[in-house]
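# A look at the structure
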Number of protein chains: 4
Amino acid sequence: MARKLKVAVSGLGRMGARHAINYLEKTPRAELVAACDPGAEALSWARSRLAPAGVTIYETFDEMMQHPDIEAVIVAGITTEHAPQSIKAIRAGKHVLCEKPLSTDLAISQEVFDVAKSRPDLKVMTGFSRRFDQSYRNARKKVDSGAIGRPVVFRSQTCDKYRDDDYFIGYSKTSGSIFVDASVHDIDLALWMFGQDSIVKSVSAVGTCARYQGLKQYGDVDNGVGIVEFWGGKIAYFYACRMMAVGQHDMTEVIGNHGKVTINANPAHDLVEHHEPTGIRREIGQTYWDRFEPAFIRESNEFTEAVLDDKPLPFHLSGAIKSMQIGSALQEALRTGEKLFFNEIGESVIGPGLAARL
Amino acid sequence: MARKLKVAVSGLGRMGARHAINYLEKTPRAELVAACDPGAEALSWARSRLAPAGVTIYETFDEMMQHPDIEAVIVAGITTEHAPQSIKAIRAGKHVLCEKPLSTDLAISQEVFDVAKSRPDLKVMTGFSRRFDQSYRNARKKVDSGAIGRPVVFRSQTCDKYRDDDYFIGYSKTSGSIFVDASVHDIDLALWMFGQDSIVKSVSAVGTCARYQGLKQYGDVDNGVGIVEFWGGKIAYFYACRMMAVGQHDMTEVIGNHGKVTINANPAHDLVEHHEPTGIRREIGQTYWDRFEPAFIRESNEFTEAVLDDKPLPFHLSGAIKSMQIGSALQEALRTGEKLFFNEIGESVIGPGLAARL
Amino acid sequence: MARKLKVAVSGLGRMGARHAINYLEKTPRAELVAACDPGAEALSWARSRLAPAGVTIYETFDEMMQHPDIEAVIVAGITTEHAPQSIKAIRAGKHVLCEKPLSTDLAISQEVFDVAKSRPDLKVMTGFSRRFDQSYRNARKKVDSGAIGRPVVFRSQTCDKYRDDDYFIGYSKTSGSIFVDASVHDIDLALWMFGQDSIVKSVSAVGTCARYQGLKQYGDVDNGVGIVEFWGGKIAYFYACRMMAVGQHDMTEVIGNHGKVTINANPAHDLVEHHEPTGIRREIGQTYWDRFEPAFIRESNEFTEAVLDDKPLPFHLSGAIKSMQIGSALQEALRTGEKLFFNEIGESVIGPGLAARL
Amino acid sequence: MARKLKVAVSGLGRMGARHAINYLEKTPRAELVAACDPGAEALSWARSRLAPAGVTIYETFDEMMQHPDIEAVIVAGITTEHAPQSIKAIRAGKHVLCEKPLSTDLAISQEVFDVAKSRPDLKVMTGFSRRFDQSYRNARKKVDSGAIGRPVVFRSQTCDKYRDDDYFIGYSKTSGSIFVDASVHDIDLALWMFGQDSIVKSVSAVGTCARYQGLKQYGDVDNGVGIVEFWGGKIAYFYACRMMAVGQHDMTEVIGNHGKVTINANPAHDLVEHHEPTGIRREIGQTYWDRFEPAFIRESNEFTEAVLDDKPLPFHLSGAIKSMQIGSALQEALRTGEKLFFNEIGESVIGPGLAARL
């Protein structure tokens with residue numbers, strides 16, 4: 001029998017449970033051997049759904065790490081545990097796939113990065129699912145081929161469907177606010193299309209609470225627009241929203257000097273069109289899972305393959321740090337109201353207007 | 001001042017009134033000088049809308065024809081008057097644009113054709129509005145360019161929006177039933193794309209009354225599907241419907257051995273898309289006028305130009321006769337339930353099955 | 001560990017190999033234990049791809065059937081072996097999923113059906129993949145909900161991308177010609193939407209060889225159009241094509257008296273749109289696998305689930321027989337040129353025209 | 001005969017000539033009596049195209065203004081003449097439709113406004129063509145109906161097709177740069193959707209020269225992105241581009257807290273779709289005229305109607321001033337690199353960061 005990667009999943013909430021199922025059933029070269037979660041509900045689910053398939057269930061991460069066979073750990077619990085568990089796992093010699101963000105704190109994220117760097121023999125990746133989406137890959141291939149010329153302007157949005165409850169307000173408390181939590185995906189894509197070595201020149205942002213006033217207490221908004229200008233004449237602009245009526249509408253366009261490519265400009269959750277007295281109607285996915293489920297499955301498979309075959313991961317951990325830095329800059333620009341400026345080696349500088357006055 | 005064509009419109013019902021307005025206001029090289037209708041309502045409209053602009057209004061066609069300046073007549077009244085008025089006008093030396101059909105009776109249509117033939121100095125045209133539609137013209141140009149290779153299969157539909165009243169039942173009484181009234185447009189387009197000299201090999205048709213049972217008394221249906229096979233390996237198939245929920249959806253596709261072109265596969269009455277909790281919705285036009293108004297205006301202008309500059313008309317009257325013949329064959333195939341067969345010179349023949357038995 | 005269904009796959013050509021991989025890697029509740037194929041190339045592939053995962057490989061079906069653990073057999077080899085192997089497997093007490101068609105010969109198909117009927121304890125299914133497609137299921141759900149009213153007109157097409165070689169000619173030799181091989185899927189969908197108990201009233205068909213003249217020797221065509229009229233005022237019409245330029249374009253529309261639903265009217269193989277100097281372009285899938293891969297995976301999983309949990313299969317074997325009968329009638333209508341007629345208990349009768357003459 | 005408005009057109013360049021034709025042939029209630037242009041080519045065109053229809057042609061504006069019948073003047077010559085001619089015409093008691101912009105200089109624009117204000121008996125309008133576009137009007141109606149809730153975020157773009165020559169560089173010299181020339185349309189739409197009384201809170205902008213380096217000499221760019229934040233929690237963001245590959249792609253979306261409406265998200269210049277081996281392709285319009293011709297015709301008709309029937313114009317001249325002010329602020333934000341701030345009565349203020357330092 002071909003060797004399978006022995007995987008453990010930490011955290012069995014909504015996202016972690018999906019990871020567990022993906023490694024259990026949809027990643028042929030992996031074997032899910034262990035899973036842990038401190039919560040009663042998650043444990044109960046794991047005992048009925050995972051245990052019968054031979055997965056050992058634990059109540060704590062530390063206990064789980066004693067399992068003798070684990071080769072790789074999927075860190076998918078609460079955000080504040082992402083960094084500590086990733087670091088422990090790396091130090092224990094395990095490969096790690098950590099859900100994004102590593103941390104909402106840049107210094108802590110950097111620490112994970114540094115620990116990972118000290119173990120070049122291990123594969124450490126953070127989960128930017130859109131990088132595994134077939135449409136984004138096809139678009140990237142087109143951009144790479146030179147078909148749109150030089151990419152110059154990048155626009156991307158992450159728009160969640162509205163909810164009638166207060167979910168987003170509670171979520172904002174720990175997620176690190178809209179640009180850091182949602183736009184970070186779009187920022188990552190901008191770097192993917194423009195080049196990971198792109199250097200930010202300026203950042204500006206505005207936002208508003210149109211539906212969830214409770215977000216204000218966390219300095220957060222439910223609609224945010226930001227512009228990131230890069231040295232070398234490249235512009236990315238972003239829109240993040242927590243109240244889209246129609247569903248989850250994440251979309252991107254890359255404009256080059258000879259063409260444009262769009263990804264998901266016209267969303268649809270199936271191939272059905274409804275011809276009704278009121279018009280022709282298409283339904284769209286309601287959640288990020290509706291949109292990105294196949295990408296998460298591909299992520300599991302490619303992470304497994306990278307470890308088993310010692311292949312390079314599709315992107316480097318440093319990119320996650322950089323995207324977080326830019327997301328944080330947007331957040332600061334939103335919070336302070338000020339436009340932020342950076343020099344060509346990435347250092348924060350004062351703007352031309354202030355410089356003229358001083 | 002440049003010379004303008006002096007035009008008269010006969011019949012000021014829904015269609016005729018639109019023609020009158022088009023010649024009055026949207027055909028710069030034409031001047032509407034006269035109009036007639038026997039109905040009180042139409043006359044009242046004409047007196048308030050047309051007369052102030054200098055148009056003389058008549059109650060009868062014959063009186064109107066005494067107007068000394070008329071050069072061209074638009075015949076747009078009830079179907080049974082199409083042929084007699086067209087013939088009178090031609091015999092009086094007027095150019096004629098006659099609404100389709102010339103007649104629901106093939107022999108009478110032929111008579112108009114023969115009279116027109118006797119006056120080659122006059123422009124006589126029947127109103128196949130789709131021939132003037134920009135999208136159909138663009139598609140035709142593409143087909144002509146060879147871009148789809150040799151056209152082989154043609155599909156076209158004329159679908160009216162349903163109505164809650166009995167309109168279609170009354171209409172059926174005089175319109176000549178669904179294949180003759182509605183599909184005739186699609187048939188005309190098939191000949192345009194395949195070549196006017198295409199010869200029918202076989203015809204079959206089925207139909208059903210799904211919404212308007214009253215159509216049965218006239219041998220008519222509210223949904224009809226027919227196939228017309230042409231000698232030389234070309235196939236046209238048609239769908240006509242009187243109960244489309246979404247609106248007027250007339251569409252066409254032409255399939256060549258190297259490509260395909262569609263016309264109005266995705267209808268929309270404007271450029272607006274509605275993102276709503278139930279999905280993304282586009283509205284479409286509700287009537288043929290919503291869809292073809294610009295084509296009717298172009299028709300008026302090109303007819304006027306053809307007369308003033310003695311240019312050839314964009315298509316020949318014989319095509320209208322041929323389309324009617326094919327429409328009538330579909331209707332007969334529907335009525336009898338039988339497939340009809342024709343030889344390579346267009347004569348009706350018995351089918352191979354019957355031939356084998358006899 | 002949860003019990004897994006032990007599956008064998010017979011035939012490892014293009015389709016069989018895909019089935020093997022699906023049962024090996026994408027059907028969590030199944031275990032692929034055996035596979036067979038008489039061909040050297042397929043065997044070589046199986047030995048390197050399947051054997052390392054613990055699958056026993058055989059050169060003959062009969063040898064494979066000696067494997068002690070097999071509970072279910074997937075019959076996916078050449079068409080002429082579908083029926084004999086299915087019968088053998090059923091008689092050996094195995095559950096069977098047989099690729100379509102059971103046979104191109106109606107009598108042989110009926111025999112499989114009869115054998116299956118004698119073993120009601122076994123699950124025997126034929127592979128109509130579109131029944132497992134999410135979009136078709138969503139559309140069916142909408143039709144079932146009454147949202148479009150009563151389904152009246154059904155249009156469906158199966159269009160393969162053209163090929164520059166002679167593949168389709170060789171394929172035609174054994175596949176049973178275009179209506180039986182391709183349209184049978186559309187026919188099955190018509191029955192799904194109209195009701196499995198729908199009774200055919202008349203059948204007519206035409207066809208042409210526009211690209212592959214070699215098809216003529218097998219009485220086949222590369223473009224076929226057919227109409228199937230059902231008793232009760234329902235109409236289905238079909239288009240099958242072997243030369244579509246753009247790719248695989250299988251689409252369907254169901255028209256009810258209060259609405260319409262379309263499936264894949266606007267195909268796209270990803271969510272990317274290309275804005276180029278020549279226009280806005282979407283790419284579409286090139287093969288049926290591009291379109292239906294997820295449906296095949298769902299088929300494997302649902303077949304497995306039906307066996308393990310003794311649930312009813314999503315559709316009955318009799319439907320496959322019925323679809324084949326209708327496909328054969330279309331083929332005969334094409335071959336003879338005649339329209340075929342049937343009475344309300346499904347018996348072939350002479351048409352009204354001939355009846356009048358006799 | 002019904003009274004017709006006697007109109008004169010000043011400037012017969014590309015735009016002026018179109019206005020002249022619209023008033024001559026497509027505005028039934030108007031009569032084009034005079035036209036002027038100082039250029040030989042334009043005069044030659046006017047003499048052959050307009051004069052035969054009874055239009056008197058002049059070489060200078062002042063001479064034309066001596067024509068005794070003129071009631072309204074269309075000012076459509078070079079931008080620097082917009083204001084002086086409009087002022088002269090108003091002072092001469094003529095109704096005026098002035099092409100946008102009144103002036104690239106805010107003070108001069110204000111002067112036109114003041115002069116117009118002194119003659120409330122005259123209709124003075126500036127040509128924001130999108131206000132007359134049917135799709136924008138339908139969208140506005142939907143927004144007004146409350147169907148999307150409260151409009152919160154507005155995105156709009158004006159994207160011209162690239163050119164292989166230096167046209168845009170020369171054009172930039174007099175047009176007042178990209179935000180003032182192109183985005184001003186989008187800004188006007190934002191005010192239309194958010195309310196004309198919306199007050200700007202902050203403005204930021206970035207830009208780049210990706211294709212036309214020569215624009216730099218005029219402080220202009222070929223790609224610009226800007227954000228305008230309004231007091232009350234409303235956000236508008238804009239993209240302007242001079243190098244779109246596919247054609248003219250002007251589009252808009254209005255996002256409310258309960259829905260979204262888009263205008264021209266999926267452009268197409270006709271209803272044709274091309275199914276080709278490379279995919280499915282739609283062509284789009286190449287120029288603003290391709291997109292907005294019907295809007296210009298409606299503009300002519302509504303302006304004429306407003307004068308003849310003394311109806312209010314569809315929007316007030318003050319809006320044009322306001323849009324220009326916002327466009328100029330974006331341009332300044334681009335030029336200086338700084339974010340600009342305004343208080344709740346619209347006065348320029350220093351930003352919070354600088355305030356903290358001072």
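All figures in this text were calculated on a predicted structure; none of them were measured in a lab.

## Some details on the packing of helix H4 (residues 79-91) of chain D against helix H5 (residues 106-117) of chain D
When two helices pack together, their arrangement is captured by the angle between the axes and the distance separating the axes. Residue and element names in this part refer to chain D. At their nearest, the axes of H4 and H5 sit 10 Å apart, and the two run at 10 degrees to each other. Relative to H5, the element H4 is oriented roughly parallel. Mapping the contact onto sequence places Ala83, Ser86, Ile87, Ile90 and Arg91 in H4 and Ile108, Glu111, Val112, Val115 and Ala116 in H5. Each residue belonging to the contact of H4 with H5 can be placed in one class, and the counts come to 7 nonpolar, 1 polar and 2 charged.

## Structural notes on the domain arrangement of chain A
Residues and elements named next belong to chain A. In terms of domains, chain A is made up of domain 1 (5-127) and domain 2 (134-292 + 322-348). With centres defined by C-alpha atoms, the gap from domain 1 to domain 2 works out at 27 Å. Between domain 1 and domain 2, the residue contacts involve 10 residues of the former and 12 residues of the latter. Summed over the three residues of domain 1 that lose the most area to domain 2, namely Arg18, Lys100 and Leu106, the buried surface amounts to 46% of that side. At the boundary of domain 1 with domain 2, the tally comes to 1 salt bridge. Residue aspartate 181 pairs with lysine 100 through a salt bridge whose shortest N-O separation is 3.7 Å. Taken together, the links from domain 1 to domain 2 amount to 2 residue pairs in polar contact (both at pLDDT 80 or more). By residue number, the principal contributor to the side of domain 1 that touches domain 2 is helix H1 (residues 14-25), which donates 4 residues.

## Some details on the interface of chain C and chain B
In this complex, chain C contributes 46 residues to the contact, which on the side of chain B involves 46 residues. Interface of chain C and chain B: buried area, both sides summed, is about 3,600 Å²; carbon and sulfur atoms make up 62% of it. Summed over the three residues of chain C that lose the most area to chain B, namely Val206, Tyr237 and Lys339 of chain C, the buried surface amounts to 14% of that side. Between the two partners, chain C and chain B, sit 0 salt bridges. Seen at the junction of chain C and chain B, the total is 7 residue pairs in polar contact (both at pLDDT 80 or more). Elements that contribute at least two residues to the side of chain C that touches chain B include exactly strand S7 (151-161), strand S8 (200-208), strand S9 (223-230), strand S10 (234-244), strand S11 (251-256), strand S12 (259-263) and helix H11 (352-357) of chain C. Among the elements that take part in the side of chain C that touches chain B, S8 of chain C stands out by supplying 6 residues, more than any other. By residue class, the composition of the side of chain C that touches chain B is 19 nonpolar, 18 polar and 9 charged.

## Examining the relation of the copies chain D and chain A
Each copy of the sequence occupies a distinct position, and chain D is placed on chain A by a rotation of 180 degrees and an axial shift of 0.0 Å, giving an RMSD of 0.0 Å. The symmetry that links the two subunits is that of a two-fold axis. Residues of chain D ranked by C-alpha distance from the rotation axis are headed by lysine 339 of chain D, positioned 3.1 Å from it. Most of the interface of chain D is mirrored in chain A, where 100% of its interface residues are also at the interface.

## Some details on the pairing of strand S13 (residues 272-276) of chain B
Burial analysis of S13 of chain B places 5 of its 5 residues in the buried class, the great majority of the element. Taking every second residue as pointing to the same face, both faces of S13 of chain B are buried, with Val272, His274 and Glu276 of chain B on one and Glu273 and His275 of chain B on the other. With 4 bridges joining them, S13 of chain B and strand S12 (residues 259-263) of chain D adopt antiparallel strand pairing. Looking at the pairing, glutamate 273 of chain B lines up with threonine 262 of chain D of S12 of chain D. Note that S13 of chain B and strand S14 (residues 279-282) of chain B share 3 bridges and pair antiparallel. The residue of S14 of chain B that forms the bridge with histidine 274 of chain B is arginine 281 of chain B. The antiparallel pairing of S13 of chain B with S14 of chain B creates a hairpin that spans 2 residues between the two strands.

## Remarks on the relation of the copies chain C and chain B
Overlay of chain C on chain B (RMSD 0.0 Å): rotation 180 degrees, translation along the axis 0.0 Å. Taken as a fraction of all interface residues of chain C, those also at the interface in chain B reach 100%, which identifies the copy contact as same-surface.

## Describing the interface of chain D and chain A
Taken together, the contact between chain D and chain A spans 46 residues of the former and 46 residues of the latter. Between chain D and chain A, a total of about 3,600 Å² is buried, with carbon and sulfur atoms accounting for 62% of that surface. Where chain D meets chain A, there are 7 residue pairs in polar contact (both at pLDDT 80 or more). At the level of elements, strand S7 (151-161), strand S8 (200-208), strand S9 (223-230), strand S10 (234-244), strand S11 (251-256), S12 and helix H11 (352-357) of chain D are the ones that each hand at least two residues to the side of chain D that touches chain A. For the side of chain D that touches chain A, the leading source of residues is S8 of chain D, giving 6 residues.

## Observations regarding the sheet that holds strand S1 (residues 5-10) of chain C
Residue and element names in this part refer to chain C. Spatially, 6 strands are ordered S3-S2-S1-S4-S5-S6 in an open sheet, and the strand pairing comes out parallel. One side of each edge strand has no neighbouring strand; the edge strands of this open sheet are strand S3 (56-58) and strand S6 (124-127). Pairs of neighbouring strands in the sheet enclose a mean axial angle of 20 degrees, with direction left out of account. Relative to S6, strand S5 (residues 95-99) runs parallel, the two sharing 4 bridges. When the bridges of S6 are listed, leucine 97 appears paired with methionine 125.

The rules we used
Residues numbered from 1 in each chain as written. Chains lettered and ligands numbered in written order. Predicted model: local features only at pLDDT ≥ 70, side-chain atom pairs only at ≥ 80, totals over all residues. Heavy atoms only, no water. Axes fitted to C-alpha atoms, helices over the stretch in contact; angles between N-to-C directions. Helix = DSSP H or I, 4+ residues; strand = E, 2+ residues; numbered from the N terminus. Parallel < 35°, antiparallel > 145°, perpendicular 65-115°, else oblique. Contact = heavy atoms within 4.5 Å. Nonpolar A, V, L, I, M, F, W, Y, C, P; charged D, E, K, R; others polar. Domains from an automatic or database assignment. Buried area = accessible area lost by both parts, 1.4 Å probe. Salt bridge = Lys/Arg side-chain N within 4 Å of Asp/Glu carboxyl O. Polar contact = N/O pair within 3.5 Å; in protein donor to acceptor, adjacent residues only side chain to side chain. Least-squares fit on C-alpha atoms with pLDDT ≥ 70 in both. Buried < 20%, exposed > 50% of the residue type's maximum accessible area, 1.4 Å probe, protein only. Pairing = 2+ DSSP bridges.

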